[in-house]
Every structure is written in C-alpha cells, then in structure tokens.
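The primary structure of each chain is shown beneath.
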Amino acid sequence: MTRLRSAAEAALARRSSTSKGVAMAATFAAALMLSQQVHAQSIDYTSDPILYWNERATALLANGPPAQTRVLAMMNIAMHDAANSLLGNPNHSYLTGVSGSGGDMRAAVSEAAYEVLAASDPAHIADYQTALNLSMSLVTNPAAQSQGIATGAAFAQAIIAQRTGDGSAAVVPYVPTGLPGNWKPTSPAPAAFPQWGGVTPFLIDSADQFEPGPPPGLDTPEYAAALAEVRDLGSATSATRTADQTASALFWDTANGSTWVRIGLIIAADEGDSTIDYARDFALLSTGLADAAIAGFYAKYDYAFWRPVTAIREGSIDPDPTWSPLFTTPNHPSYPSAHSFLSGAGATVLSAVFGDDEGFTFSIGAETRSFTGLQQAALDGANSRLWGGIHFRFDNEAGLQLGQQIGQYVLAGSTFNAAVPEPASWTILLSGFAVAGIAIRRRKARLALA
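Since we're looking at a predicted model, the values are computed, not measured.

K.L.:
Can you lay out the packing of aromatic side chains for me, pointing to particular residues and giving the numbers?
P.N.:
Evaluated as defined, the whole model comprises 21 aromatic pairs. Considering the side-chain rings of Tyr335 and Phe394, the 6.2 Å spacing of their centres and the 55° angle between planes classify their relative orientation as tilted. Taken as a pair, Tyr335 in the loop between α11 (308-314) and α12 (338-354) and Phe394 in helix α14 (residues 393-412) lie far apart in primary sequence, 59 residues in all. Summarising the burial analysis for this pair, Tyr335 and Phe394 share the class buried. What links up through ring pairs into an aromatic cluster is the set Tyr223, Tyr303, Phe305, Tyr335, Phe392 and Phe394. Above the plane of the ring of Phe202 lies Arg163, whose end atom (NZ or CZ) is 3.8 Å from the centre. In this structure, Lys300 is placed above the aromatic ring of Phe297, and the distance from its NZ or CZ to the ring centre is 5.7 Å.

Quick look at the structure:
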C-alpha cells in the first residue's frame, strides 16, 4: 500500500477538536531538530502512520529504558498485525486468534497505537489523543474509519491482554552480598529493574538463551587490564581521554530504550515504503530491542558484577577512594552493558533491513553526532560507557555480542516475515543465502530527531 495522505475536513466526533490538534502538530514539527549537515525531512501526522506513531512514542515515553522497549514492542506488534490483517495476512502475524473488521489502514494503525500508548503511558494521554485526532483527520470515509478503528482496537487489546502479568511489574528485591566483585547500589535509591530478567520475552525462547559467559575473575590479567583502562580513560579528570571520546560519552549518556527506534526513523523516513513494510521493519526492530533488554537485565542480575566506581574505590588493586567517573553511574549491575546490548540488537536489525552503506547524523537533545554507519554507531555507543567511566571494556563487548545474537535470532524467525516467499525469495533460498526474507535497501539518512 502507498502512504495515506488524503485531506479531510472532519475528525471523529468522539475525539477533541482537530483545529487544536493541528496547532499541536506544528509544535511537534518544530520540536524536531534538523541536522546542520544534511537536508532534513520531518515526520508529522501526514507521514506514514507507522513512522508517525513511532515518532510520537519515542518523543513522549519517559519511563525507564527497559519499560520503553516493552511499550514500543507492544505498539509495533499491534500496528503490524492490524495492517497485516487488512491486507489478507501477507506476513506471519504475532498475535493469534484475533480477527479484524477491515476498514481504513491509517485508522486501524492509529487506533492500535493509540490504545497501547494510552494504556501504557497515561501521563501523556492528552498528547496521544491529539496525535490520534490529527491522524484520523486524514481519513475521509466515515464507514472505513469506523471499521479501521474496530480493527486497530482488537489488536491493541489483544497485545495488552497478552502482556498483562508478564512480570514487568513484579517486585523483586535485591540484596548485595558485600563480597568483592558483587554489585551494590551506587545511589541511595533501590536497585533499578531487578525484575526485568523475569519478564516474558517477545520472541526469544528464554531470557538466558544467549546469556554471555561470566566476566573475568578478579585475579585475572584480563580484569586487571580492564580495571586500569577504565580508571584512566573513565576518570572525571582523565588526561588521556580524547576530546572526541568525551563528546561520545556525553552524547550517549542520555540515550534510552527508544534511541535505536529513533535512529531507525532517521533511516526509514527517506525510504518511501508501504505501511506494511514499515510495520514489519519496526516490529522486528522493537521486539529485538525488547528481548535484548530482557536478556541483558537477566544477565546483569544473574552475575551482579560491581561497577568500576566500586571496584576502584573499594577493590584490592590500588584502591582510590577519591576516584569518580565522568558522569553518574546507573543504579544496576555492570555486566553486560545496557547501551551495548541495545546497540547490538538495534544495529543488527536495522543493517539487515535497510543496509549499512551510508552515514547519518543524529541528535539527542542539544547534542549532535555523525556516524559512518549503523555498526560504527553501535560500537561508539558501547565504547562511550567505558569513556564515561561506568563500564569495563568486557561489559561492552559482552553486551554488543548479546544484542547481535538476539537481533540475528529475531531476523531469522518467521514472525513478521512473509508468510509465502515471493519467487525471487525462492531463488535466493535455493542459491544458499541466509535470511532470504530480509530485503536490503539503500537509503539516504536525512532526518535528525531532537
């Protein structure tokens, strides 16, 4: 299907006024930071609805990074399966036993996204309501709109019901042992996300399916070298960390669970794909990120390895009680690095879907950084945690590998991929190429999001 961009004079009577929503849309568009190096193309309510709702979600979701990945996965599953049902299920759906009512594609996708976001993030329900009004204002056929709403609602409620009681709200206490190498909270606040390793995965078989081996022992040369490296490069007063390494550390410090979806929007915005293609791409990406968060936090609390700040201040190797990292250490265990497993998963899926042949510029808040490609961005994101003094090198290496393995697993599965391969895909399969369902497309990256 092509993008749905028809103009309309009326929105749903049960929604708030469209004129107010249009004013809000201008505010949304103004909030998108444009790259200083390349021509920018903004995503707004007239864009493909998959891109628009991912932009709205990544701009508004403010809960912790693991929770962000969960909501984004739920939203993209609902949008994909709603769109897929309208087209006769050309792809393998995620949800089973759900039937749509037909109707307009934009209406179905928008309602699916809205209901997931409104249920998961009620603090921003007014913003999501405005986004829904704007998107629905482009649907001109009242009957098709009504049917589309029913379709989107069915898939949204199905994924909400499925994820209710998935362990994300469980209360799991963490009690440090006090032994050398064991993590203890680095702030007075409770340990962050100790329950997340027990969350039901979306696509992987279990949280420990790709668990990395243990971190090096405290008496090994590998550990001693890593400790010396982070002591030097990660110190708040480091004389050896380069200006670019400092810039990288500060840039990635405010990244969160939605960052790699936002990077996906940069790359996808210039593709001009159909709604179902975008739905598939972002469903693969978001479920890969969500499963990386589950597997990563399972490993974090399974190994419960201490952070550099504790190791340097209290460890037996040349302790320095005055040492401080470049910025505040997150309040969860060190191994593996969360930035790294999210970067590994995100770059792996996006590279397979869109290719990794062009550079892009990306903004996080007021900070802007340019990359030669997705894999280079993932490595930069991982290394930034060493340069910031909050992770050992082996944390980052293990995290990248974990994320890459999960990304490859998600891509190789049947969910969201074509239910019946096209003739060209059969040719590729017979020629011995792996992951035949993944189309690698060239693209120019033109958008930088605030």
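Continuing now.
K.L.:
Tell me about the nonpolar core, and name the residues and values.
P.N.:
Ranked by internal contacts, the top residues of the largest apolar core, which has 106 residues, are Trp53, Met75, Ile159, Trp260, Ile263 and Phe282. Setting aside anything within four residues of it in sequence, one finds Trp53 in contact with Met75, Met79, Ser110, Ala113, Tyr114, Leu117, Tyr128, Ala131, Leu132 and Ser135. Formed by 20 residues, the second largest nonpolar core is a distinct cluster that contains Ala226, Val309, Trp323 and Ile390.

K.L.:
Account for the layout of surface pockets, naming residues and giving values.
P.N.:
What the second largest pocket holds in volume is close to 420 Å³. For the second largest pocket, the lining is made up of 25 residues, of which Pro65, Ala255, Pro330, His339 and Arg385 are closest to its centre. For the lining of the second largest pocket, the secondary structure elements donating two or more residues are α3 (65-86), α8 (243-253), α9 (259-268) and α12. Looking at the lining of the second largest pocket element by element, the count peaks at four residues for α12. Residue classes in the lining of the second largest pocket are distributed as 13 nonpolar, nine polar and three charged.

K.L.:
Go over α12, please, and point to the residues and values.
P.N.:
Over its 17 residues, α12 extends 24 Å from the first C-alpha to the last, a length consistent with the 24 Å expected when each residue adds 1.5 Å. Burial analysis of α12 places 17 of its 17 residues in the buried class, which makes it a mostly covered element. Phi turns positive one or two residues past the end of α12, at Gly355, with a value near 85°.

K.L.:
I'd like a description of unusual backbone geometry, backed by residues and values.
P.N.:
In the segment running from Tyr335 into Pro336, the intervening peptide bond is cis, with an omega of -5°. For Pro336, the location among the structural elements is in the loop between α11 and α12. Of note, Asn89 is a non-glycine position whose phi angle comes to about 60°, a positive value. Located in the positive-phi region is Ala304, a residue other than glycine, with phi close to 45°. Position of Ala304 among the secondary structure elements: in the loop between α10 (275-303) and α11. The class for Ala304 is buried, based on a relative accessible area of 5%.

K.L.:
For the pattern of salt bridges, give the residues involved together with the corresponding values.
P.N.:
Under the definition given, this model contains nine salt bridges. Across the salt bridge formed by Arg393 and Glu229, the nearest N and O atoms sit 2.6 Å from each other. With Arg393 in helix α14 and Glu229 in helix α7 (residues 221-233), this pair connects stretches of sequence that are 164 residues apart. The network of salt bridges with shared partners includes Arg70, Arg163 and Asp166.

K.L.:
Quick one: what's the story with the packing of helix α4 (residues 105-120) against helix α5 (residues 125-136), residue by residue and with numbers?
P.N.:
Where α4 meets α5, the axes come as close as 10 Å, and the angle between the chain directions of the two elements is 180°. Classified by the interaxial angle, the pair formed by α4 and α5 is roughly antiparallel. Taking contact as the criterion, the partners of Arg106, Ala107, Ser110, Glu111, Tyr114, Leu117 and Ala118 in α4 are, on α5, Ile125, Tyr128, Gln129, Leu132, Ser135 and Met136. For the contact of α4 with α5, the per-class residue count stands at eight nonpolar, three polar and two charged.

K.L.:
Just give me the short version of the environment of Gln209, but keep the residues and values in it.
P.N.:
As for its position among the elements, Gln209 is in the loop between α6 (142-163) and α7. Residue classification places Gln209 among the partly exposed residues on the basis of a relative accessible area of 27%. Between the C-alpha atoms of Gln209 and Ala295, which are 86 residues apart in sequence, the distance is 7.8 Å. Beyond its immediate stretch of four places on either side in the chain, Gln209 contacts Ile204 and Tyr409. Of the polar contacts made by the side chain of Gln209, one reaches the backbone nitrogen of Asp205; its length is 2.6 Å.

K.L.:
I'd like to hear about the side chain of Arg231, residue by residue, with values.
P.N.:
You can see Arg231 is positioned in helix α7. It is Asp318 that comes nearest to the buried, bridge-free Arg231 among opposite-charge side chains, at 4.2 Å. A polar contact of 3.0 Å, which involves the side chain of Arg231, links it to the backbone oxygen of Ile317. Residues in contact with Arg231, not counting those within four places in the same chain, are Ile312, Ile317, Asp318, Asp320 and Trp323.

K.L.:
Residues and numbers for the packing of α9 against helix α13 (residues 374-387), please.
P.N.:
Running from N to C, α9 and α13 point in directions that differ by 155°, and their axes come no closer than 13 Å. Here α13 runs roughly antiparallel to α9, going by the angle between their axes. Considering only the axes of α9 and α13, their crossing is right-handed. Residues Trp260, Ile263 and Ile267 of α9 pack against Leu374, Ala377 and Ala378 of α13. Its residues assigned to classes, the contact of α9 with α13 comprises six nonpolar, no polar and no charged.

K.L.:
An account of the side chain of Ser343 is requested, with residue identities and associated values reported.
P.N.:
In this fold, Ser343 is placed in helix α12. A relative accessible area of 2% means that Ser343 is categorised as buried. Here Ser343 is in contact with Trp260, Ala378 and Leu400, once residues within four sequence places are set aside.

K.L.:
Go over the confidence of the model for the protein, please, and point to the residues and values.
P.N.:
Close inspection of predicted coordinates is inappropriate in any region flagged by low pLDDT. Residues of the protein with pLDDT of at least 70 account for 84%, and the chain-wide mean is 87. Note that residues 1-40 has pLDDT below 50 and, in this model, 83 contacts with residues that lie over four places away or in other chains. In this model, residues 424-450 is a region of pLDDT below 50 whose contacts with residues beyond four sequence positions or in other chains number 80 contacts.

Here is what the cut-offs are and how they apply
Residues numbered from 1 in each chain as written. Predicted model: local features only at pLDDT ≥ 70, side-chain atom pairs only at ≥ 80, totals over all residues. Heavy atoms only, no water. Phe/Tyr/Trp six-rings, centres within 6.5 Å; stacked < 30°, edge-to-face > 60°. Helix = DSSP H or I, 4+ residues; strand = E, 2+ residues; numbered from the N terminus. Buried < 20%, exposed > 50% of the residue type's maximum accessible area, 1.4 Å probe, protein only. Lys NZ or Arg CZ within 6 Å of the ring centre and 35° of its normal. Core = buried A, V, L, I, M, F, W, Y, C linked by side-chain atoms within 4.5 Å. Contact = heavy atoms within 4.5 Å. 1 Å grid on protein atoms, 1.4 Å probe; cavity = no way out; pocket = protein on both sides within 12 Å on 5 of 7 lines; lining within 4 Å. Points joined across faces, edges and corners; volume = space filled by probe spheres on them. Nonpolar A, V, L, I, M, F, W, Y, C, P; charged D, E, K, R; others polar. Expected span 1.5 Å × (residues − 1). Salt bridge = Lys/Arg side-chain N within 4 Å of Asp/Glu carboxyl O. Axes fitted to C-alpha atoms, helices over the stretch in contact; angles between N-to-C directions. Parallel < 35°, antiparallel > 145°, perpendicular 65-115°, else oblique. Polar contact = N/O pair within 3.5 Å; in protein donor to acceptor, adjacent residues only side chain to side chain. Lys, Arg positive; Asp, Glu negative; His and termini not counted. Left-handed = near helix turned anticlockwise from the far one by under 90°. pLDDT = per-residue confidence, 0-100.

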